[in-house]
Amino acid sequence: MTEWDSETAEWYAANYGEYATNRLAVDELDLSVDAIIVDVGCGTGSALRHAAAQVTDGNLIGIDPVPRMVELARGHTVDHPASARIEYRVGSAEALPVNDDLADVVFAFDSIDHWQDIDRGLGEIHRILRHGSHLAIVKDGAVPGAAEARKSLLDRLEAAGFVVVGQCEITSEDVSFTLWTCIGVEP
Ligand SMILES: C[S@@+](CC[C@H](N)C(=O)[O-])C[C@H]1O[C@@H](n2cnc3c(N)ncnc32)[C@H](O)[C@@H]1O
C-alpha cells in the first residue's frame, strides 16, 4: 500500500493530479446547486473543482491527512472561479473534521483502500451525512486485487449502514472504474 507523505503527495500531484476518474465520476452525479459536498481523501482537489460547475451556490470541503497534499490542493484551487466556496482541511477518514449531519454528498474517490481503518471511516461518513444523503465511491478497476476488494467493500458498506442504490462501470479516456452511490440508513 502507498505510504502517503509529502513525497508521495508530490508524486501523485505530478502524475495523477487531474486523473480523469474525478471528472468522469462527477459528470455522472446529479448534484444540487446548493449542496454541501465533502471529499474524503481529496488528493489535489480535482473532483471538487469539477463538482463546483454543478454546485454553483453550495460549499465544497476536501479532507486529506497529508498536509503537503492539502497545500497542493489549495495551490491548484486558488485561481479557480469557485475558490471562495472550496476549502481544504487536514484530517483522516477515521476522524473527519466535519460536524454531524452536514454533508449532502460525500465523495470517496480512489480513497477507501488507502484508509487505515475502513469500518471506522465509513462510520464517520455515516455521521457527517444528512439523513437520506449520498456517499459516492469510485474504485479504479486497474488496481491489483480489485475483485476481492470490491466484495469486501460491499460487505463493509452494508455493515456500516449503507444501501447501494446505484452502480455503473465507466471505461473512457484510458481509465476504467466503478462508481457506486449509496444511501446511509440505520446500521
Ligand atoms: C489515490 S489518492 C486519490 C486522490 C483523489 N481522491 C483522486 O481520486 O484523485 C488517495 C488519497 O487518499 C488519501 N488518504 C490516505 N490515507 C487516508 C485516510 N486515512 N483518510 C483519508 N484519506 C486518506 C491520500 O493522502 C491520497 O490523497
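Residues numbered from 1 in each chain as written. Predicted model: local features only at pLDDT ≥ 70, side-chain atom pairs only at ≥ 80, totals over all residues.

Caption draft 1: Broad picture of the environment of D57. Here D57 lies in the loop between helix 3 (46–51) and strand 2 (59–64). We classify D57 as exposed; it has 9 C-beta atoms within 10 Å. For D57 and E3, which are 54 residues apart along the polypeptide, the C-alpha to C-alpha distance reads 36 Å. (Helix = DSSP H or I, 4+ residues; strand = E, 2+ residues; numbered from the N terminus. Buried ≥ 20, exposed ≤ 12 C-beta atoms within 10 Å, placed from the backbone.)

Caption draft 2: Seen up close, the site of the ligand. The full set close to the ligand counts 24 residues, and G41, G43, S92, A93 and H114 are the nearest of them. Elements supplying a minimum of two residues to the shell around the ligand: helix 1 (6–16) and helix 2 (20–28). The residue makeup of the shell around the ligand, split by class, is twelve nonpolar, nine polar and three charged. (Near = placed C-beta within 6 Å. Nonpolar A, V, L, I, M, F, W, Y, C, P; charged D, E, K, R; others polar.)

Caption draft 3: Region of interest: the nonpolar core. Core analysis: the biggest nonpolar cluster contains 52 residues, and I37, V38, V40, A51, V106, F107 and L135 have the highest contact counts within it. Other than its neighbours up to four places away in sequence, L135 contacts V106, A108, I125, L129, F162, C182 and G184. (Core = buried A, V, L, I, M, F, W, Y, C linked by C-beta atoms within 7 Å. Contact = placed C-beta atoms within 7 Å.)

Caption draft 4: Examining the sheet that holds strand 4 (residues 103–109) more closely. One open sheet holds the seven strands; their spatial order is 3-2-1-4-5-7-6, and the pairing between them is mixed. Where the open sheet ends on each side, the last strands, each with one partner, are strand 3 (86–90) and strand 6 (162–172). Between one strand axis and the next, the sheet turns through 20° on average, direction left out of account. By the bridge criterion, five bridges tie strand 1 (residues 36–40) to strand 2 in an arrangement that is parallel. Across the sheet, V38 pairs through a bridge with I61, a residue of strand 2. Against the sheet, helix 4 (residues 67–77) engages strand 2 and strand 3, with an angle of about 170° to strand 3. Packed onto the sheet, helix 5 (residues 118–128) meets strand 1, strand 4, strand 5 (129–140), strand 6 and strand 7 (175–184) and runs at close to 140° relative to strand 5. (Pairing = 2+ DSSP bridges. Axes fitted to C-alpha atoms, helices over the stretch in contact; angles between N-to-C directions.)

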